[in-house]
Amino acid sequence: MPVTSNYTANASPLFSVLTSTQCDDILLAAQEVLERTGVTVMDEEARDIMAKAGCWVDGIRVRIPSAVVRRALQSVPNRVTLCNSRTGSRDVLLEGHNAYFGTGSDTPFTIDPYTGQRKRSTTESVGNACKVIDALPNLDFVMSLGIVQDVPALVSDRHQFEAQILNTSKPIVTTAHDIYGFADIIKMCEIVAGGVEELRRHPFMTLYAEPISPLQHAWEAASKLVLAAKKGLPVVYTPCIMSGGTGPATPAGILTQALAESLSGLVINQTTREGSPFIMGGVLTIMDMSSTVFSYGSPELDLQMSAYADVAHYLKLPMFGTAGCSDSCLADEQAGIEAALSIAMTCLSGPNLNHDVGYIEYGSTSSLEYLTINNDVIGMGRRLVRGIAVNDETLALDVIDAVGPGKDFLSEPSTLKYFKTETYSSDLLDRQRYEAWQAAGSKTLFERANAKVKDILENYEVDPLSSDVRSAVRAVVESADEAVR
Amino acid sequence: MSYNFDELAESVIAGDSELSAALTQQALDAGANPVAAITDGLSKGMGVVGARFKSGEMFVPEVLMSARAMTAGMDLAKPLILAADMPSSGKVILGTVKGDLHDIGKNLVSMMLESAGFTVINLGIDIEPETFVKAVSESDADVVGLSAMLTTTMLAMKATIDSLAAAGLRNKIKVIVGGAPVSQDFADEIGADGFAPDAGGAIDLCKALVA
Amino acid sequence: MYEVRPSNRQTGSGINADEPTARRSSREGRVRDLSRSQYVASNYQVNETPQFQVLSDDQCETILNGALEVLERTGAEVQSSAALEIFREAGCWVEGARVRFPSHLVEKAIRSAPSRITISDRSGKRAMFLEGNNVYYGPGSSNIYTLDPFTGERRQPTKSDTVRAAIAVDALPSISFAMDNGTVTDVTATLSDVHAFQALVENTTKPIIQSGLGVDQFQDVVDMAAAVRGGMEALQQNPFIIFYSESSPPLKHSAEGLDKAIFAAKARIPVIYAPCIFAGGVAPATMAGCLVVAVADFLVGLVAGQQVSEGAPFIMGGLMSTMEMSSSILSYGAPELSLLSAGLTCVARHMGLPMFSTAGGTDSKVIDTQMAIEAAFSILIAGLSGANIVHGCGNMEYGATGSLELMTMDDEVIGMVKKILKGVTVDDEHLAVDVMDAVGPGGHFMGEVHTMNHFREFWAPKLISRLRYDPWVAEGAKSMAQRVKEKTQDILSNHQPERLADGVLGEIQAVVDRAEAREAGKSGT
């Protein structure tokens, strides 16, 4: 390349929904909400901590002065790294525009890949789901893809975590009923990591908690934020707001409320212990005004999540996003549309830890076929974000000249060199000619995905935990069972 | 003389509270039968709204606006009607069960039931089984609806039904359940009388159970 | 009727106080009346739409310079003798069939071509504004099979299929223009485009993008279109047709291809002169190399056109993707198609010319989730890229088969993408801080006046289902494919497009008859 100056290139496509001024406006509005309206905090310990940090507490209503919010934003780390639970390798870097994908957790139902039946999820179905996630290269982290319902309900969270940790080595975002469940789960994690300090330095999990919109931090949620901070473990705090229902009917209003809920959660967390790792985020969508469903496939969800990502980038906070999910009761064309839009938007806007891949039926049911299909959609999105490289070699003017008008590039060495890296290839997306596809059985994508799921379930082997660790983890679960018997 | 309540019904359909109050007052001042004002005007308009909501022509916020308009008129007509003559589709007690603070679904059911002519006692959130029992024994409700959002709090539904049975009230009232993790199977398992997946379904279910 | 959806718009706005204030919140007394808001804030630059840019301006310039270098150094093979003469006259370096283009001539052509082209509908009403980042979607053409939406049969298209395609285009609100959706096979082979145009123009009022075998067929189309508009001048001032002609990459231009572009330029009818490119096949395997070839091929047509008719409306673009190496298909579903198209769109923006792009298609041979994924992905990226004409909605089986069901599904997806392109408005009314305060922690927004005022801005699904599980089962547990099929069949059975006057229909038929006679004469029958 000739010597040149003053050259700006897009090393990857540029994408944004909001300008930084608009992001700032949302921050300012959220700060106003927290100072003027405040939030309810139903945990006494959290309220005490907040009061000591300068918040105005009236009963369970807590108003947060803007300065307290700013201090929390300054102390919170701008990056969180999650590791592989077996090897400790630092695989998931939640920072900047890095977009990672994973599944969702608590669906009451799942589709059985062998019978096609919609049935209640169980320990086995969660284990199977984790195995599939572990096998799929474009899935980076795990959530359970089902509520374990064949065990005592009050301690099902311990069983649910156990089913996950046994069946995947990828990082886990874990739910729990309350801080007692979390305490047991943390114990299990410390066993797997090899110690308290080891877990803190190389976390392979994050805790998960949600406010109740609008603007409420229930006891379970607030106490989880406090516990996470005390333990110095990462926590995802996720407002799940439906526009027109539990939040205002405008996107800017949803973003403001989400940020107010996130920041008040951040304040609880940071005033308990400054510098504790925190991941903001949410599921920001609409209430469908006909069916009243909390919509997982709406274009508003895609737009609002991307806008929220801009806000998170502006604040330099890692963000938990939502993609690869559908309102459809089947992994059908609608599910395909909704996944394509949400995954593409997510890859472009770059929230960091993106969950709910594999959710159908507006989050009530998990589908392993859909999950497997979306592995390829994520691949497509990632290819898009790799962008177009413009340099002497890729411009290939010499090659064009050498080949000449009217000839072809098929046997060019550069073609051989580049065609594999320039294109995303998938084993599920069919690019055969009609006759070949027919000869192979005229299968639909769903059928191919189903075959792949079965293949994984029957043949894939997860990196196992040692038997000592397994037993120690089991002991924690059993003692929880004992306590409720 | 029979008064024409068409305009009143239209004002409810349009969700215009000011107009429905004014028209109701006008009708009452003109000596119209207050019960008729409800059945042939306010409730009739609301019935049209309900049908349009079901068919997808009208939406939740519009239904609530209409319900508000209906209430504006009802508040003027009610004082003039004896309790025994008050038209009502039935009485329903609603609450989110113990340990659960989620209530938007329940509140939507509450508002939709009222718009369908039911009298609703909304107990709120995190309601102990004993509180449900007390509410049932103190009212002459036809149905009690239990709502839960979490699989852990779903268990409280069974506890509530058991408490009603223990208090000898189980046969006096119909119990229905709803919420994201709830299903017909679960309702059958715990001995509930019905399950509805959404607010519209809840109205139909209550109508069927009261009949 | 054909909504303009600009992407990539930024504006600066100084005053926040002129949002129309509707009714107050229901909680009287607690709400600050926004219309009395006294403050004015400067320096507020907003995104009115999402912003999406694959290539920087510098990268676009590099691509363009690469194309100019190719044209000057390597040149193109030109098989049209008329074009060779035109190039020689213009000052190009012509050796036999090889033409090399001095860059200044090419740059001059780029400058003289218009940066905005307005296309009307059949009645002359101005409908598609091909400028800036405005996006319009429509179907594809020249597929050799069609998927019958009634029988499910994959068969060769007939003229009645083109009629169906026109009816569907006419009915679908987010489809802005028509293309033939299949090469008509039950007519005189050399007149398939002419018959297709007749079928389209008689069955939709929307603009038509039309290809043709050669100049004769283009003339036939012009004559029919002029008859509809009441004369050539009327047609030129408010064209409702756009011609489509292709080069033969890399760097080869057939006689018919170039002659058609020259014809269109002389007739002052907008023309798309574009290559169909697959990476590793007719262009380098690298994306940047593909873009260079795409731009270079277009510029050859542009130079010829501007030389004979300065200021003639030209549209650049093309169908670009990777070649699937095992099956050798040009992939319609690959993400690379979207990336290449978006990249070329950036270059077109840089050059100040309207862009013809591709989306809404799939490699799938059956209506399934793969079809939906590939169509939706490409429709989104094309919309975000701000390409002016996006064709291909309905192309399945890597373009070999056209499906009206896919076009119907795409119409729904385009609605979703339009919602995304609307972006997020950030101002007092939309931030709704007052509303949140009025509702308070633990309240709800369903009955708020603010909700009433805004909930209709939510995108309204027609084919997408948000039914809960039990009601969905009760309604037949339908997949989206079933709903799409029902809607497509309903449109084809019931939609009545506006009819042309009998006189005009007669004139159109006369053109077709004349063409038949001419072709019969040629083949000696």
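Residues numbered from 1 in each chain as written. Chains lettered and ligands numbered in written order. Predicted model: local features only at pLDDT ≥ 70, side-chain atom pairs only at ≥ 80, totals over all residues. Heavy atoms only, no water.

A. Inspection of the overall build of chain B at higher detail. From N to C terminus, chain B includes 9 helices and 5 strands. Ordered by position from N to C terminus, the α and β elements of chain B give α-α-α-α-β-α-β-α-β-α-β-α-β-α. Considered along the principal axes of its C-alpha atoms, chain B spans approximately 55 × 35 × 25 Å. Out of the 211 residues belonging to chain B, those deemed buried represent 52%. Taking all contacts inside chain B whose residues are at least 6 apart in sequence as the whole, residues at least 24 apart take part in 71%. (Helix = DSSP H or I, 4+ residues; strand = E, 2+ residues; numbered from the N terminus. Buried < 20%, exposed > 50% of the residue type's maximum accessible area, 1.4 Å probe, protein only. Contact = heavy atoms within 4.5 Å.)

B. Structural view of the overall build of chain C. Helices and strands together make up the secondary structure of chain C, namely 18 helices and 22 strands. By principal-axis analysis of the C-alpha atoms, chain C measures approximately 85 × 55 × 50 Å. Of all 525 residues assigned to chain C, the portion counted as buried reaches 66%. For chain C, restricting intrachain contacts to residue pairs at least 6 apart in sequence, the fraction spanning at least 24 positions comes to 75%. Entry remark: accessible area of chain C is about 16,800 Å², with carbon and sulfur atoms responsible for 48%. A distance of 4 Å separates the average location of the 45 positive side-chain charges in chain C from that of its 62 negative side-chain charges. (Areas by Shrake-Rupley, 256 points an atom, 1.4 Å probe, with all protein chains shown as cover. Lys, Arg positive; Asp, Glu negative; His and termini not counted. Charge placed at Lys NZ, Arg CZ, Asp CG, Glu CD.)

C. Looking closely at the confidence of the model for chain B. Of all residues in chain B, 100% have pLDDT values of 70 or greater, and the mean over the chain is 93. Across chain B, the element-wise mean pLDDT spans from 92 in helix α5 (residues 104-115) of chain B up to 97 in strand β3 (residues 143-147) of chain B. (pLDDT = per-residue confidence, 0-100.)

D. Region of interest: the packing of helix α2 (residues 81-90) of chain C against helix α8 (residues 255-267) of chain C. Residue and element names in this part refer to chain C. Between α2 and α8, the least distance of the axes is 8 Å, while the angle of their chain directions is 60°. Compared by their axis directions, α2 and α8 come out oblique. For the pair formed by α2 and α8, the contact residues are A82, A83, I86 and F87 on the first element and L258, D259 and I262 on the second. Class assignment for the residues of the contact of α2 with α8 results in 6 nonpolar, no polar and 1 charged. (Axes fitted to C-alpha atoms, helices over the stretch in contact; angles between N-to-C directions. Parallel < 35°, antiparallel > 145°, perpendicular 65-115°, else oblique. Nonpolar A, V, L, I, M, F, W, Y, C, P; charged D, E, K, R; others polar.)

E. Broad picture of the sheet that holds strand β19 (residues 355-358) of chain C. Residues and elements named next belong to chain C. The sheet built from 7 strands is open, its strands ordered β9-β20-β19-β17-β15-β13-β12 with parallel pairing. With partners counted over all chains shown, the strands left at the sheet margins are β9 (136-137) and β12 (208-211), one partner each. The strands that helix α9 (residues 287-308) touches are β15 (271-274) and β17 (314-317); relative to β17, the one it contacts most, it runs at about 170°. (Pairing = 2+ DSSP bridges.)

F. Region of the structure containing a nonpolar patch on the surface. The grouping of L154(A), V484(A) and L155(B) at the surface amounts to a nonpolar patch, some 250 Å² of accessible area in total. By relative accessible area, L155(B) is classed as partly exposed at 39%. (Patch = residues over 30% accessible without salt bridge, like charges linked within 9 Å, V, L, I, M, F, W, Y side chains within 5 Å. Salt bridge = Lys/Arg side-chain N within 4 Å of Asp/Glu carboxyl O.)

G. Molecular detail of the pairing of strand β15 (residues 278-281) of chain A. All names here are of chain A. Taking every second residue as pointing to the same face, both faces of β15 are buried, with F278 and M280 on one and I279 and G281 on the other. Here 2 bridges tie strand β13 (residues 235-237) to β15, and the two strands are oriented parallel to one another. Bridge pairing in β15 places V236 opposite I279. Both β15 and strand β17 (residues 319-322) contribute to a ladder of 2 bridges, which runs parallel. Note that in β17 the partner of M280 across the bridge is M319.

H. Layout of the interface of chain C and chain B. Taken residue by residue, the interface counts 14 residues in chain C and 15 residues in chain B. When chain C packs against chain B, the two sides together hide about 1,100 Å² of surface, and 71% of this comes from carbon and sulfur. At the junction of chain C with chain B, the criterion picks out 1 salt bridge. Note that R456(C) is salt-bridged to E62(B), the shortest N-O span being 2.4 Å. Broken down by element, the side of chain C that touches chain B gets its largest block of residues, 3 residues, from helix α15 (residues 449-454) of chain C. (Buried area = accessible area lost by both parts, 1.4 Å probe.)

I. Representation of α2(C) in the model. All names here are of chain C. For α2, the complete set of buried residues consists of A83, L84, I86, F87 and A90. For α2, the arc enclosing every buried residue in end-on projection is 160°, short of the 170-degree limit, so these residues lie on one face. Exposed residues on α2 whose side chains face more than 90 degrees from its buried face are S81 and E89. Here the buried face of α2 lies against β4 (76-78), β5 (93-95), β6 (98-100), α3 (103-112), α8 and α9. In the segment just after α2, G91 is the residue with positive phi, at about 110°. (Arc of directions from axis to C-beta.)

J. Just the packing of helix α1 (residues 20-36) of chain A against helix α10 (residues 299-315) of chain A, in detail. Residues and elements named next belong to chain A. At a closest axis distance of 9 Å, the pairing of α1 and α10 adopts a crossing angle of 85°. Classified by the angle their axes make, α1 and α10 are roughly perpendicular. Two secondary-structure elements touch here, α1 through S20, C23, D24, I26 and L27 and α10 through D310, V311, Y314 and L315. Of the residues in the contact of α1 with α10, the class split is 6 nonpolar, 1 polar and 2 charged.

K. Here's a closer look at the side chain of D170(C). Residues and elements named next belong to chain C. Note on placement: D170 falls in helix α4 (residues 159-171). Despite its burial, D170 pairs with no opposite charge, the nearest such side chain being K206 at 5.9 Å. Engagement of the side chain of D170 in a polar contact is seen with the backbone nitrogen of T205, the distance being 3.0 Å. Dropping the residues within four chain positions of it, D170 is found in contact with N203, T204, T205, K206, H495 and P497. (Polar contact = N/O pair within 3.5 Å; in protein donor to acceptor, adjacent residues only side chain to side chain.)

L. Molecular detail of the pattern of salt bridges. By the definition in use, this model includes 54 salt bridges over all chains. Of the charged contacts, one joins R73(C) and D398(A) as a salt bridge, the two residues approaching to 3.0 Å between their closest N and O atoms. One end of the pair, R73(C), is in helix α1 (residues 57-73); the other, D398(A), is in helix α14 (residues 397-403), on a second chain. Taking the relative accessible area as the measure of exposure, R73(C) reaches 34% and is therefore partly exposed. For D398(A), a relative accessible area of 53% corresponds to the exposed category. A salt bridge links D430(A) to R448(A); the shortest N-O distance between them is 3.9 Å. Highlighted residues: D430(A) in the loop between α15 (413-422) and α16 (434-439) and R448(A) in helix α17 (residues 445-459), separated in sequence by 18 residues. Linked through salt bridges whose partners overlap, the residues forming this network are D216(C), D220(C), D223(C), R514(C), R518(C), E519(C) and K522(C).

M. Just the interface of chain A and chain C, in detail. Contacts between the two partners involve 118 residues from chain A and, on the opposite side, 122 residues from chain C. The largest per-residue losses of area from chain A upon contact with chain C belong to E333(A), I388(A) and R431(A), which jointly make up 8% of the total buried on that side. Connecting chain A to chain C are 10 salt bridges. We note a salt bridge from D363(C) to R431(A), for which the minimum N-O separation is 2.6 Å. At the boundary of chain A with chain C, the tally comes to 55 residue pairs in polar contact (both at pLDDT 80 or more). The element that contributes the greatest number of residues to the side of chain A that touches chain C is helix α11 (residues 333-349) of chain A, accounting for 10 residues. Here the side of chain A that touches chain C is composed, by residue class, of 57 nonpolar, 37 polar and 24 charged. Sheet topology places strand β1 (residues 14-16) of chain A next to strand β3 (residues 51-53) of chain C; 3 bridges connect them, and they run antiparallel. In the sheet register, F15(A) faces β3(C), and the bridge partner there is F52(C).

N. Here's a closer look at the nonpolar core. One finds F87(C) and L299(C) to be the most contacted residues of the largest nonpolar core, which totals 343 residues. Considering each element in turn, this core owes the most residues, 15 residues, to α9(C). Counting residues in hydrophobic clusters, the runner-up holds 26 residues, among them V97(B), F132(B), I173(B) and A187(B). (Core = buried A, V, L, I, M, F, W, Y, C linked by side-chain atoms within 4.5 Å.)

O. Highlighting the confidence of the model for chain C. Residue and element names in this part refer to chain C. In the predicted model, chain C carries a mean pLDDT of 93, and 93% of its residues have values of at least 70. A low-confidence stretch, residues 1-7 (pLDDT under 50), is modelled with 32 contacts involving residues beyond four sequence positions or located in other chains. Overall, residues 9-32 carries pLDDT values under 50, and its contacts beyond four positions in sequence, including any with other chains, amount to 56 contacts. In the predicted assembly, ipTM is 0.96 and pTM is 0.94.

P. Structural detail: unusual backbone geometry. Residue S213(A) is joined to P214(A) through a cis peptide bond whose omega torsion reads 0°. Here P214(A) lies in the loop between β11 (205-209) and β12 (216-217). Residue P250(C) is bonded to the preceding P249(C) through a cis peptide linkage, with omega at 0°. When you line up the elements, P250(C) lands in the loop between β13 (241-246) and β14 (252-253). With a phi angle near 60°, N6(A) is a residue other than glycine that sits in the positive phi range. Looking at where N6(A) falls in the secondary structure, it is placed in the segment before β1. Positive phi, normally seen in glycine, also occurs at Y362(A), with a value near 40°. Mapped onto the elements, Y362(A) comes out in the loop between β19 (359-360) and β20 (365-366). Overall, Y362(A) belongs to the buried group, its relative accessible area being 12%.

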